[in-house]
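If you want the building blocks of each chain, they are given just below.
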Amino acid sequence: MKVITRFCDRMVQRYLPDAFLFAIILTLAVFILGMIFTDSSPVDMVSYWGNGFWDLLAFAMQMSLIVVTGHILASTPVVRNLLKKISTLANTPSQAILLVTFIASLACIINYGFGLVVGALFAIHVAKRVPTVDYRILMASAYSGFLLWHGGLSASIPLLIATPGHFLEDTMGTVPVSETLFSSFNLFIVFFLLFTLPFVNRFLMKSRDPITQGDAHLWRPESLDGSSEETWEEKVAETPAEKLENSQILSVVIGILGFAFVFYFFVQNGFDLNINIVNFIMLFLGIIFHRTPRRFLNSVTNAVKNVGGIIVQFPFYAGIMGMMVASGLSEQMSMAFVNMSNSFTFPLFSFLSAGLVNFFVPSGGGQWAVQGPIMIPAALDLGVDTAKTAVAVAWGDAWTNMIQPFWALPLLAIAGLKVRDIMGFCVLILLYSFIPISIGLLFF
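Here is what the cut-offs are and how they apply
Residues numbered from 1 in each chain as written. Predicted model: local features only at pLDDT ≥ 70, side-chain atom pairs only at ≥ 80, totals over all residues. Heavy atoms only, no water. Helix = DSSP H or I, 4+ residues; strand = E, 2+ residues; numbered from the N terminus. Rg over C-alpha atoms; globule rule 2.2 N^0.38 Å. Buried < 20%, exposed > 50% of the residue type's maximum accessible area, 1.4 Å probe, protein only. Contact = heavy atoms within 4.5 Å. Areas by Shrake-Rupley, 256 points an atom, 1.4 Å probe, with all protein chains shown as cover. Lys, Arg positive; Asp, Glu negative; His and termini not counted. Charge placed at Lys NZ, Arg CZ, Asp CG, Glu CD. Disulfide = S-S within 2.5 Å. Arc of directions from axis to C-beta. Patch = residues over 30% accessible without salt bridge, like charges linked within 9 Å, V, L, I, M, F, W, Y side chains within 5 Å. Salt bridge = Lys/Arg side-chain N within 4 Å of Asp/Glu carboxyl O. Axes fitted to C-alpha atoms, helices over the stretch in contact; angles between N-to-C directions. Parallel < 35°, antiparallel > 145°, perpendicular 65-115°, else oblique. Left-handed = near helix turned anticlockwise from the far one by under 90°. Nonpolar A, V, L, I, M, F, W, Y, C, P; charged D, E, K, R; others polar. Phe/Tyr/Trp six-rings, centres within 6.5 Å; stacked < 30°, edge-to-face > 60°.

Chemist: When you look at the overall build of the protein in this model, what are you seeing that I'm missing?
Modeler: Of regular secondary structure, the protein possesses 23 helices and 0 strands. Against the globule reference of 22 Å for 444 residues, the protein gives a C-alpha radius of gyration of 23 Å, in line with a compact fold. With the C-alpha coordinates of the protein rotated into their principal frame, the extents come out at 75 × 50 × 45 Å. Here the protein holds 444 residues, and 54% of them are scored as buried. Considering only contacts within the protein whose residues lie at least 6 apart along the sequence, 80% involve residues at least 24 apart. Carbon and sulfur atoms make up 68% of the accessible area of the protein, which amounts to about 18800 Å² in all. Taken together, the 23 basic and 26 acidic charged side chains of the protein have centroids lying 15 Å from each other.

Now the structure itself:
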């Protein structure tokens, strides 16, 4: 195992380009594949790419705010002290890996955006607590929790098909979450991964060559030396503008208004932790916990430095999605797996096809819009449970996130790492997770 771990890490470090270059390479690959395997001309592919380029602007803003609001909230004394207190549960590198993996996984089961931020921020505090831990494996452990999101409470595909009026209702009806998220096959996968992933990541750490104190800091950003904690020298407010900037009353009033809406939202919608309400809650907690507008704005200034990769790269993925869908390439990929399936293997091949399509359409809802109209009629023809088919697509979407930089960008921005720093370990997590997911889909 040590040889395999070292090999994967070395290959990724040597050959995996920066996340932005990865997006460019994927763009060129899809452009060429579209011309080879579909009737699309070069002009058509350029048109599909350009027309789709800005389709993820709202989503890019949501992901940017996840990073910014997470940083703002984490830099408040209240949250910083809380994370420090929880991190005291880890005293050794092994305990650090186990604790971070479990907390990140649990958080992602609750909500994927919440989990990405909490996992990264908590890992940073644990790294400060246990400075000898391998920082790259620690952050890979935090990201591995994201593997569970599409089997959890914010799972977009199961929640969509449980909603009356969804676009496939005429074909499959509405499917309650009792048949998807709370089914025996999904619960088996979720709990198996929740309680075994920490030990898999610990095993990856043990499989690495022993590291020295100096090596432990090799991959750690300067922010982990303790100097990054945001402290600002307070000066006496003299002008009316300065008094407003340092007014605690303004922060409290706008904070109360924000949480009045949060209360209203949950009364109207139930416990719906969508990405917008998560950002909203973190933003207004940050305003309240920073106590004054000036401290809050200083934290914002520091936070926005981390979102450049998201702002630049997400439009390229939107362009890739545009080419995949408009050219019919994603449909051909899905049909290739459908054609080799039977009633027993169909859930597994649905999962594998979703894993492949996820490389190019890394959005759960967007992927279901592409694959749902193909997979559900095929499942009905084969006599396969449509609920299990939908869950299989959901797990395929989550599975290859482990080796797709798209979703790792917020975590990497917070961690101060590049995609190649964690991806070698994520490859092994991907290979391991294939086993319980396949068992759950085939035998439960």
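Structure's up, so let's keep going.
Chemist: Looking at this model, I keep getting lost on the state of the cysteines. Mind explaining?
Modeler: Put plainly, a disulfide is one covalent bond tying together the sulfur atoms of two cysteines. Tallied over the full model, the rule gives 0 disulfides. Here C108 is not cross-linked by a disulfide; its sulfur's nearest cysteine counterpart is in C426, at 12 Å. Residue C426 stays outside any disulfide, its sulfur separated by 11 Å from that of C8, the closest cysteine.

Chemist: Where do I start with helix α5 (residues 77-87) in this structure?
Modeler: Given 3.6 residues per turn, any residue in an α-helix points the same way as the ones three and four places further on. Within the span of α5, buried status applies to V79, R80, L83 and S87. For α5, the angular spread of the buried residues around the axis is 100°, confining them to a single face. Along its buried surface, α5 packs onto α4 (57-74), α7 (112-129) and α15 (275-290).

Chemist: Just checking my understanding: could you explain a nonpolar patch on the surface for this structure?
Modeler: Residues L153, F182, L187, F191 and F195 make up a contiguous nonpolar surface patch of about 490 Å² in total accessible area. Assignment of secondary structure puts F195 in helix α11 (residues 184-207). For F195, a relative accessible area of 46% puts it in the partly exposed group.

Chemist: Mind showing me how you'd approach the packing of α4 against helix α17 (residues 308-327) here?
Modeler: Relative orientation and spacing of two packed helices are given, respectively, by the angle between their axes and the distance between those axes. Taken N-terminus to C-terminus, the directions of α4 and α17 make an angle of 160°; their axes are 9 Å apart at the nearest point. Taken together, the axis directions place α4 and α17 in an arrangement best described as roughly antiparallel. The handedness of the crossing between α4 and α17 comes out as right-handed. Each of F59, A60, M63, S64 and V67 in α4 lies in contact with α17, whose residues at this interface are I310, I311 and F314. Here the contact of α4 with α17 is composed, by residue class, of 7 nonpolar, 1 polar and no charged.

Chemist: Mind showing me how you'd approach the packing of aromatic side chains here?
Modeler: The final tally for this structure, using the stated rule, is 30 aromatic pairs. Ring plane angle 75° and centroid distance 5.3 Å describe the contact between W49 and F53, whose orientation is recorded as edge-to-face. Assessed through its relative accessible area of 29%, W49 is described here as partly exposed. Take F53: its relative accessible area is 14%, and that puts it in the buried class. On the numbers, 4.9 Å between centres and 55° between planes, the contact of Y112 with W149 is tilted.

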